[in-house]
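Here is what each chain is made of, one letter per residue.
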Amino acid sequence: VRDAEIALRISKSMILPSLDAVAGWNASGSSSSFGGSLSSPGKPTTTFGLRSSADLNIGMAIAQKNQSAIILSAERRHLQLVQDDAIRLVRQSARRLQGARERLNIDAANMEVAQLQLDVATLRFEKGLTDNFNVIDAENLFNSAQISLLSSRNAVLLAELDLLFSAALLLPEDFVPKNDK
């Protein structure tokens, strides 16, 4: 964007006529030798003037200025799109992290319920009120709840990394092994 702004300024300045300041000093003398003419110059004259020149066919310069303005506008739109995409990615990552945290809370509650069911099934089996199949079913439910809880913890960690990466706070180079010699 900065380069396009500079190009537009240059294009605008090319349309304006140029103005030059000219200054001069002139003295002449006559003598039979060179040194004599320098030591006794005649009346010196000093001149100062302004000179301006303008291109009569400025169509090309105007076209260049308009093209620079279009390029600047396109660069600004592109910058805005990139910024909007970056913001959108960060917001999506934040929503995914929030969802993963909510699933983790649900799985933690499910884990507590599964633990309670296992304790009740084990107690009922020990008292002889039920058979071993209820304990096995409760253990399977407890194991499934544990796997789901671990999976949710993993999803939260991955969502946190994704958010850091989307916010440009985490770079792929951070995961490349470094050779310490």
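Refer to the preceding data block for the structure.
Reference entry: report on the structure contained in this document. (Residues numbered from 1 in each chain as written. Predicted model: local features only at pLDDT ≥ 70, side-chain atom pairs only at ≥ 80, totals over all residues. Heavy atoms only, no water.)

**Description of the side chain of Ser 152**
Thought 1: Residue position: Ser 152 is located in helix α4 (residues 132–166).
Thought 2: Judged by relative accessible area, which is 8%, Ser 152 ranks as buried.
Thought 3: Ignoring sequence-local partners within four residues, the contact set of Ser 152 consists of Arg 103, Leu 104 and Asp 107. (Helix = DSSP H or I, 4+ residues; strand = E, 2+ residues; numbered from the N terminus. Buried < 20%, exposed > 50% of the residue type's maximum accessible area, 1.4 Å probe, protein only. Contact = heavy atoms within 4.5 Å.)

**A look at the pattern of salt bridges**
Thought 1: A complete count under the given rule lists 5 salt bridges for this structure.
Thought 2: Residue Arg 88 pairs with Asp 85 through a salt bridge whose shortest N-O separation is 2.5 Å. One end of the pair, Arg 88, and the other, Asp 85, are both in helix α3 (residues 59–126), 3 residues apart, so they sit about a helical turn from each other.
Thought 3: Classification of Arg 88 by relative accessible area gives partly exposed; the value is 42%.
Thought 4: Residue Arg 101 is joined to Glu 160 by a salt bridge in which the shortest nitrogen-to-oxygen separation is 3.2 Å. (Salt bridge = Lys/Arg side-chain N within 4 Å of Asp/Glu carboxyl O.)

**A closer look at the environment of Ala 69**
Thought 1: Structurally, Ala 69 can be placed in helix α3.
Thought 2: For Ala 69, a relative accessible area of 33% puts it in the partly exposed group.
Thought 3: Taking C-alpha positions, Ala 69 is 8.6 Å from Ala 7, a pair spaced 62 residues apart along the chain.

**Focus: the nonpolar core**
Thought 1: The biggest cluster of nonpolar side chains holds 9 residues, and these are Met 111, Ala 114, Leu 118, Ala 121, Val 135, Ala 138, Phe 142, Ala 145 and Leu 149.
Thought 2: Breaking this core down by element, the ones donating at least two residues are α3 and α4.
Thought 3: Among the elements that take part in this core, α4 stands out by supplying 5 residues, more than any other.
Thought 4: The contact partners of Phe 142, leaving out residues within four places of it in the chain, are Met 111, Ala 114, Gln 115 and Leu 118. (Core = buried A, V, L, I, M, F, W, Y, C linked by side-chain atoms within 4.5 Å.)

**What about the packing of α3 against α4?**
Thought 1: At a minimum axis distance of 7 Å, the contact between α3 and α4 shows a crossing angle of 165°. Classified by the angle their axes make, α3 and α4 are roughly antiparallel. Here the hand of the crossing between α3 and α4 comes out left-handed.
Thought 2: Its residues placed into classes, the contact of α3 with α4 shows 22 nonpolar, 11 polar and 8 charged. (Axes fitted to C-alpha atoms, helices over the stretch in contact; angles between N-to-C directions. Parallel < 35°, antiparallel > 145°, perpendicular 65-115°, else oblique. Left-handed = near helix turned anticlockwise from the far one by under 90°. Nonpolar A, V, L, I, M, F, W, Y, C, P; charged D, E, K, R; others polar.)

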